[in-house]
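In case you want the letters, here they are:
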Protein chains: 2
Amino acid sequence: MAHSDTGASTTDYGLSEEFAVPSYFEQEKHRMEDFAKSHVSAGRRVVLITSGGTKVPLESRTVRFLDNFSSGRRGSSSAEYFLDSGYAVIFLHRHRSLYPYTRLYTGSNFLDGLKLETRGQTSQIQVDEDAFPNIAEVLRKYDAVKAGRLLLPVEFNTLSEYLHLLKAAAQALSSIGSKAMFYLAAAVSDFYIPASEMPEHKIQSSNGPLQISMKMVPKMLSPLVKDWAPQAFIVSFKLETNPSILLEKAQHALETYKHQAVVANVLDTRRGYVVVVTKDTHYELVLTDDEVTKKMEIEDKIVSKLTSAHTHFIAQKVKL
Amino acid sequence: MAHSDTGASTTDYGLSEEFAVPSYFEQEKHRMEDFAKSHVSAGRRVVLITSGGTKVPLESRTVRFLDNFSSGRRGSSSAEYFLDSGYAVIFLHRHRSLYPYTRLYTGSNFLDGLKLETRGQTSQIQVDEDAFPNIAEVLRKYDAVKAGRLLLPVEFNTLSEYLHLLKAAAQALSSIGSKAMFYLAAAVSDFYIPASEMPEHKIQSSNGPLQISMKMVPKMLSPLVKDWAPQAFIVSFKLETNPSILLEKAQHALETYKHQAVVANVLDTRRGYVVVVTKDTHYELVLTDDEVTKKMEIEDKIVSKLTSAHTHFIAQKVKL
């Protein structure tokens, strides 16, 4: 294999020293690499979507943790639009966060939509299609994606698992060059407590008020762009609560990391408005009232914009 | 109504000053009170189960929060055993944490267990009973509980919502005296950041490492036992990671708050071993290997022990 670098390396910005390499690192990397290569052979592109928030433990035997607000809605819905556009999808998501297709029905208790029908000795359980809008169509799509092995789920819980799996994914996808897109929608913590400074046991409330001191998480976008997947099309996300600093922060990120695009959004309006920022341009994407009524989703527009940009990016690489 | 005390009071240990009273406080209280009274009229007892972890925001427009490790497994499974024992259940739980009956199937993607069957023009969706073990029996029970209106779900997200809803529940259940049990299985944060000290916007990682300073959450068990529901049978939970301090901490809690029982458990062994501690006794409840093989759950034993103790408690109150 080309990748002899498994964990400790000079190019991971302290990742391996600060966060223990999980035992499944190599296995997951090969699984993702096999997936990517087989789809590229079949003429597809591959997108790695990260989705959901990361858990940051405050104790080694964890009772408490810091988390980021994220249901995984944007990542899971985007996965569906990428699949519609012909991409194969690696879905690197927080355990129990929203999942493509299933996400449409998590608002209700699924037992409420089942009907037990007894005929003589036998009984069978039917799905009440009124309780699950559009379920037949969704199930058809879901089954087709499964049959085509077009969606590879990979799960994380903690920040440490996320960081190592992202590295594994990046190294795995380096084998397909510019055919790979990274769509980094996960809400990753900026802060953590190093293992060496973490108490083993549950922090006792009888000790009085709590002072937590957190270090900054190394920015993985740097090695991702420079070392792990230098040929790939890389999209990061920027979520702010203050609209006035949004564009400036997105442009600053592009200058710092030199990747291809930032999807910038504000917490309160994130479902109806985003700005896709590239080195030289920025595009505002907005859902109109009419589109909202038709239950269109902003991710449809984001994915459409980015897949076009990816096409252009691949064509340029070929010309060079 | 007997309860003119809606929020601010001298008996809530600073709750209303530190955490804003939610607009739905009175409405939820009446909903719980109506539920409790109607079931007691029908000869049932009522248990309030709290379940899941509380979210503690670090910013007013929340991007980050502190959370407690809790899937809601213990609370949701206990609810089923209380229903089996003839109790009506108020299920005060964290939004999206495990729910009675449904919890049995959250390990798998429900779309994997559906089959689309097309016959001519019509199609229907059937449930593959192999994908959902025992689903017909579980659905029968779930539907019976729904038909009897025996389970009242109430949801919280944040610590603040939890505390106020617990108060509302306690005041609501005071009307049924000793027929009420409190089964406080939720993993409630011991720490929070007061609204006055919270930044409005997302904390910027460019400001450098993060120092968080958290205040201690007022212990609601005090007003619950003394003021809000002084006639009720109250059970608190103690989760530790260090077994050597467990029993002592449970006994200390009983001496401090003077309630009826503590269910004490250790993080690593919590699914197979608990100690039910009362003022004068403690009972160890253990799942044997044989019981584990038969998929028995420790909550079956916990609920059985506590419902007996509740019977005894009610009988003694009548004698006095």
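One structure accompanies this document, and this report is about it. Small disclaimer: the values here were computed from a predicted structure and weren't measured.

**A look at the sheet that holds strand E11 (residues 233-240) of chain B**
All names here are of chain B.
At step 1: Strand order in this open sheet of eight strands is E7-E4-E1-E8-E11-E12-E13-E14, and the pairing throughout is mixed. Looking at strand neighbours, the two that pair on one side only are strand E7 (151-156) and strand E14 (282-286), the edges of this open sheet. When the angles between neighbouring strand axes are averaged without regard to direction, this sheet yields 15 degrees.
At step 2: Inspection of the sheet shows strand E13 (residues 273-277) paired to E14 by five bridges, in the antiparallel sense. Residue Val275 lies in a different strand from E14, and its bridge partner there is Glu284.
At step 3: Across the sheet, helix H6 (residues 221-228) touches strand E8 (180-184) and E11, and the angle it forms with E11 is around 170 degrees.

**As for the interface of chain A and chain B**
At step 1: Facing the 65 residues of chain A at the interface are 65 residues of chain B.
At step 2: Linking chain A with chain B are four salt bridges, by the criterion used here.
At step 3: A:Asp112 serves as the salt-bridge partner of B:Lys146, at 2.7 Å between the closest nitrogen and oxygen.
At step 4: Applying the counting criterion to the chain A and chain B interface returns 21 residue pairs in polar contact (both at pLDDT 80 or more).
At step 5: Where the side of chain A that touches chain B is concerned, the elements lending two or more residues are strand E3 (64-68), strand E5 (114-119), strand E6 (122-127), helix H4 (135-147), strand E10 (210-216) and strand E11 (233-240) of chain A.
At step 6: Its residues assigned to classes, the side of chain A that touches chain B shows 31 nonpolar, 18 polar and 16 charged.
At step 7: Pairing between E3(A) and strand E3 (residues 64-68) of chain B: five bridges, direction antiparallel. Residue pairing across strands places A:Phe65 opposite B:Asp67, the latter belonging to E3(B).

**Re the relation of the copies chain A and chain B**
At step 1: With an RMSD of 0.0 Å, the fit of chain A onto chain B corresponds to turning through 180 degrees and sliding 0.0 Å along the axis. The operation mapping one copy onto its partner corresponds to a two-fold rotation axis.
At step 2: When the interface residues of chain A are mapped onto chain B, 100% of them are again interface residues, pointing to one common binding face.

**A word on the side chain of B:Arg45**
All names here are of chain B.
At step 1: Examined against the element boundaries, Arg45 turns out to sit in the loop between helix H2 (25-41) and strand E1 (46-51).
At step 2: Despite its burial, Arg45 pairs with no opposite charge; the closest candidate is Asp300, at 14 Å N-O.
At step 3: A distance of 3.5 Å separates the side chain of Arg45 from the backbone oxygen of Thr307, its partner in a polar contact.
At step 4: Not counting the four nearest positions on each side in its chain, Arg45 is found in contact with Gly86, Tyr87, Ala88, Lys179, Thr307, His310, Thr311 and Ile314.

**What to know about the nonpolar core**
The nonpolar side chains of a soluble globular protein tend to be buried with one another.
At step 1: One finds A:Phe182, A:Met214, B:Phe182 and B:Met214 to be the most contacted residues of the largest nonpolar core, which totals 118 residues.
At step 2: In this structure, B:Phe182 is in contact with B:Leu48, B:Ala169, B:Ala170, B:Leu173, B:Leu224, B:Ala229, B:Ala232, B:Phe233, B:Ile234 and B:Val235, ignoring residues within four places of it in sequence.
At step 3: In this structure, A:Tyr81, A:Phe132, B:Phe237 and B:Phe313 belong to the second largest nonpolar core, which totals 86 residues.

**Side note on the packing of helix H3 (residues 73-84) of chain A against helix H9 (residues 298-319) of chain A**
Residue and element names in this part refer to chain A.
At step 1: The geometry of H3 relative to H9 is characterised by a closest axis approach of 9 Å and an angle of 55 degrees between their N-to-C directions. With respect to each other, H3 and H9 are oriented oblique. In this structure, the crossing between H3 and H9 has a hand that is right-handed. Seen from H3, the contacting residues are Arg73, Arg74, Ser77, Ser78, Tyr81 and Phe82; seen from H9, they are Ile298, Glu299, Asp300, Ile302, Val303 and Thr307.
At step 2: Split by residue class, the contact of H3 with H9 holds five nonpolar, three polar and four charged.

**A word on the sheet that holds E10(A)**
At step 1: One open sheet accounts for four strands, arranged E9(A)-E10(A)-E10(B)-E9(B); its pairing is antiparallel. Each end of this open sheet is capped by a strand with a single partner; those strands are strand E9 (191-192) of chain A together with strand E9 (191-192) of chain B.
At step 2: Inspection of the sheet shows E9(B) paired to strand E10 (residues 210-216) of chain B by two bridges, in the antiparallel sense. Within E10(B), the position partnered with B:Phe191 by the bridge is B:Met216.

**Some details on the pairing of strand E1 (residues 46-51) of chain A**
Residues and elements named next belong to chain A.
At step 1: Most of E1 sits out of view: six of its six residues are buried.
At step 2: Here E1 shows two buried faces, one formed by Val46, Leu48 and Thr50 and the other by Val47, Ile49 and Ser51.
At step 3: Relative to strand E8 (residues 180-184), E1 runs parallel, the two sharing five bridges. Within the sheet, the bridge partner assigned to Leu48 lies in E8 and is Phe182.
At step 4: Alignment of E1 against strand E4 (residues 88-94), held across six bridges, turns out to be parallel. In the strand pairing of E4, Thr50 is matched with Leu92.

**Details of the environment of B:Tyr183**
Residue and element names in this part refer to chain B.
At step 1: Turning to its location among the elements, Tyr183 is positioned in strand E8.
At step 2: Taking relative accessible area as the criterion, Tyr183 reaches 0% and is therefore assigned buried.
At step 3: Apart from the residues lying within four places of it in its own chain, the contact partners of Tyr183 are Val47, Leu48, Ile49, Thr50, Arg74, Ser78, Phe82, Val235, Phe237, Ile302, Val303 and Leu306.
At step 4: At 2.7 Å, the side chain of Tyr183 and the side chain of Ser78 are in polar contact.

Definitions and cut-offs
Counting starts from 1 at the beginning of each chain's written sequence and moves along it residue by residue. Here the convention is simple: chains get letters from A, ligands get numbers from 1, in the order in which they are written. With the structure being a predicted model, the display of local features is reserved for residues of pLDDT at least 70 and the display and counting of side-chain atom pairs for 80 or more, all residues being used for whole-chain, interface and lining totals. As a rule here, side-chain values come from all non-hydrogen atoms in the structure, and water together with hydrogens is ignored. Two strands are said to pair when DSSP picks up at least two bridges between them. Counting from the N terminus, the helices are the DSSP runs of H or I reaching at least four residues and the strands are the DSSP runs of E reaching at least two. To get an axis, fit a line to the C-alpha atoms, keeping to the stretch in contact for a helix; angles then go from 0 to 180 degrees between the N-to-C directions. The contact rule is simple, with two residues in contact once any of their heavy atoms fall within 4.5 Å. Any Lys or Arg side-chain nitrogen located within 4 Å of an Asp or Glu carboxyl oxygen qualifies as a salt bridge. Counted as a polar contact is a pair of N or O atoms within 3.5 Å, where, for protein atoms, one must be capable of donating a hydrogen and the other of accepting one, and residues adjacent in sequence contribute only when both atoms are in side chains. Polar here means any residue other than Ala, Val, Leu, Ile, Met, Phe, Trp, Tyr, Cys and Pro, which are nonpolar, and Asp, Glu, Lys and Arg, which are charged; Gly is therefore polar. When the copies are overlaid, the least-squares fit takes in C-alpha atoms only where the residue has pLDDT of at least 70 in both copies. Exposure classes here rest on a 1.4 Å probe applied to the protein chains alone. A residue is buried below 20% of its type maximum, exposed above 50%, and partly exposed in between. Counted as positive: Lys and Arg. Counted as negative: Asp and Glu, with His and the chain ends omitted from the count. Nine residue types can take part in a nonpolar core, namely buried Ala, Val, Leu, Ile, Met, Phe, Trp, Tyr and Cys, and a core is a set of them joined through side-chain atoms within 4.5 Å. For classification purposes, an angle smaller than 35 degrees is called roughly parallel, one larger than 145 roughly antiparallel, one from 65 to 115 roughly perpendicular, and anything else oblique. Should the near helix be turned counterclockwise from the far one by less than a right angle, the crossing is left-handed, whereas a clockwise turn marks it as right-handed.

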